[in-house]
Amino acid sequence: MDLRPRVLFYLSLLFLLVNTTVSASAVFRVHHKFRGLGRTLSDFKAHDKQRHARILSAVDLPLGGTSLPSVAGLYYTEIGIGTPPKNYVVQVDTGSDIMWVNCIECKRCPKKSNLGFDLTLYNPKESTSRSLVTCDHPFCSSTYNGQIPGCTSDVLCQYSVMYGDGSTTSGYYVKDYVQYGQVSGNFQTRKANASVVFGCGALQSGGLGSSDEAVDGILGFGQSNSSMISQIASSGKVKKIFAHCLDSINGGGIFAIGNIVQPKMKMTPLVPNQSHYNVNMKAIEVGDTILQLPSDLFDTVDKRGAIIDSGTTLSYLPEMAYNSLVNEILSSHSNLKLFKIQESLCFQYTGSVDDGFPPITLHFEKSLSLTVYPHEYLFQMSEDTWCVGWQNSRKDGKDMTLLGDLVLSNKLVLYDLENQVIGWTEYNCSSTIKVKDEKTGALYSVGANNLKIRNSARSLEMGSFTFLVFLTAMLLNLTY
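In what follows, the accompanying structure is described.

What counts and how
- Residues numbered from 1 in each chain as written.
- Predicted model: local features only at pLDDT ≥ 70, side-chain atom pairs only at ≥ 80, totals over all residues.
- Heavy atoms only, no water.
- Phe/Tyr/Trp six-rings, centres within 6.5 Å; stacked < 30°, edge-to-face > 60°.
- Helix = DSSP H or I, 4+ residues; strand = E, 2+ residues; numbered from the N terminus.
- Buried < 20%, exposed > 50% of the residue type's maximum accessible area, 1.4 Å probe, protein only.
- Contact = heavy atoms within 4.5 Å.
- Arc of directions from axis to C-beta.
- Core = buried A, V, L, I, M, F, W, Y, C linked by side-chain atoms within 4.5 Å.

### A few points about the packing of aromatic side chains
Thinking step 1. For the coordinates displayed, the defined rule picks out ten aromatic pairs.
Thinking step 2. Seen from their ring centres, Phe 364 and Trp 424 are 5.0 Å apart, and the 75° between their planes marks the pair as edge-to-face. You can see Phe 364 sitting in strand S24 (residues 360-364) and its partner Trp 424 sitting in strand S31 (residues 421-426), a full 60 residues away along the chain.
Thinking step 3. Residue class for Trp 424 comes out buried when judged on its relative accessible area of 6%.
Thinking step 4. By the ring-pair criterion, three or more aromatic residues cluster together here, those being Tyr 88, Tyr 122 and Phe 198.

Next comes the structure, spelled out in structure tokens:
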């Protein structure tokens with residue numbers, strides 16, 4: 001599996017905002033798909049394996065979900081598109097540089113999803129605000145890095161993306177309004193929209209064409225210039241900063257974009273020129289013991305380094321680090337009888353694991369650390385059976401370091417792409433954060449809420465959700 005994107009043509013997003021603007025905050029309500037489920041290692045591994053085949057070799061990192069580990073990712077949100085607006089359920093993806101939705105021309109796109117809602121095909125002809133993007137449009141030229149040979153003004157600008165597992169999406173570009181909730185006060189929103197260029201998917205294949213855990217499309221938040229956050233930031237309307245907080249207790253969490261002012265946290269540099277969010281990890285400490293590992297084990301050479309990926313459920317270490325870590329975790333329990341469940345190392349234990357096993361602290365550049373407690377890295381399979389959640393990445397074919405939900409849950413993780421740093425702090429992810437209105441200086445609280453997705457049969461109450469927040473300047477005359 002190659003962690004570099006295998007993309008035939010990168011799908012770009014372009015937010016076109018007109019002159020009269022105000023600084024504001026906008027929100028999407030998001031849901032975590034594992035909420036309320038028992039954690040099974042086989043399900044988590046199946047999700048991670050599929051994700052590493054597709055997401056880490058191309059574009060993907062969702063913010064969705066309800067119940068099943070799947071290629072659809074972990075989180076989704078509902079947005080409106082068009083005039084009059086129709087609702088679409090899309091993955092919110094911090095590892096992706098695209099936005100696209102399935103369109104009316106798609107003959108093999110799923111119509112229903114096992115996640116519990118009907119799907120909607122976007123029909124440009126039904127929206128009075130839509131316009132087609134032709135191959136001579138500046139957006140198309142920038143996407144293809146120059147003029148397309150043989151282009152005429154009546155030819156649509158096409159997109160085509162191939163993922164590492166063979167899944168594909170292709171179609172053409174269209175521009176239309178995307179609707180969402182704009183923050184207007186503490187825990188208050190009003191509806192607003194902005195004009196966006198996105199992919200109109202006419203053909204999907206592989207996992208993207210499956211109805212098992214299908215959604216209407218993908219909303220990307222990668223760090224390349226073609227990502228959603230990069231395109232918004234390039235307009236000068238929003239700071240290129242976002243954060244997420246994954247709630248392992250209630251499900252869901254916070255995903256915020258813009259100037260998050262509370263809480264404060266330490267930061268570490270992002271490794272430059274990487275396809276994903278890589279950081280320099282320096283050491284692993286188990287209890288009070290620093291593991292004796294080669295100093296270059298976590299270097300970014302040959303795709304090493306530590307990848308921060310909230311769409312991966314477990315966490316993966318190079319074989320040498322994994323073996324040393326597990327040996328140290330179990331060093332004070334020589335009497336434990338070890339056995340395998342779903343290829344994970346397990347044992348029987350009664351009592352509090354937090355009292356019986358050591359915390360693990362990961363150390364990063366600029367003195368930033370991340371502590372993982374026993375109840376976070378040990379999975380309870382039955383009343384007295386526990387399994388180690390850390391995984392040997394070599395078994396997946398790559399000796400890599402990838403830090404997923406196992407270490408990121410219950411922590412607010414902040415990505416400051418303007419300064420190319422990332423940081424985190426332990427946090428109650430079902431609580432609130434403070435965001436700042438850049439024009440007025442006002443601080444607003446953003447926190448949990450309920451998302452209802454309606455289909456033809458019923459209204460689904462998805463439980464405890466949180467806001468996906470945009471701190472961006474929105475048009476007063478584009479609200480609806």
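### Observations regarding the side chain of Thr 134
Thinking step 1. Relative to the assigned elements, Thr 134 resides in the loop between strand S8 (131-132) and helix H2 (138-143).
Thinking step 2. In this structure Thr 134 comes out as buried when scored by relative accessible area, which is 18%.
Thinking step 3. Sequence-distant contacts of Thr 134, defined by excluding residues within four places in its chain, comprise Cys 140, Ser 153, Val 155, Leu 156 and Cys 157.

### Overview of helix H4 (residues 319-329)
Thinking step 1. Three or more residues of H4 are buried, namely Ala 321, Tyr 322, Leu 325, Val 326 and Ile 329. Taken around the axis of H4, the buried residues stretch over an arc of 125°, which confines them to a single face.

### What about the nonpolar core?
Thinking step 1. If you look at the biggest cluster of nonpolar residues, it comprises 73 residues, and the most contacted ones within it are Ile 284, Phe 357 and Trp 390.
Thinking step 2. No other element matches H4, which puts five residues into this core.
Thinking step 3. Excluding residues within four positions of it along the chain, Trp 390 makes contact with Ser 315, Leu 317, Tyr 322, Leu 325, Ile 329, Ile 360, Leu 362, Val 372, Tyr 377, Leu 406 and Val 407.

### What about unusual backbone geometry?
Thinking step 1. For the peptide bond that leads from Thr 83 to Pro 84, omega is -5°, which places it in the cis range.
Thinking step 2. Its location among the elements puts Pro 84 in the loop between strand S3 (75-81) and strand S4 (86-93).
Thinking step 3. Residue Gln 262 is joined to Pro 263 through a cis peptide bond whose omega torsion reads 5°.
Thinking step 4. Position of Pro 263 among the secondary structure elements: in the loop between strand S15 (260-262) and strand S16 (267-269).

Taken by themselves, the reported measurements are silent on function.
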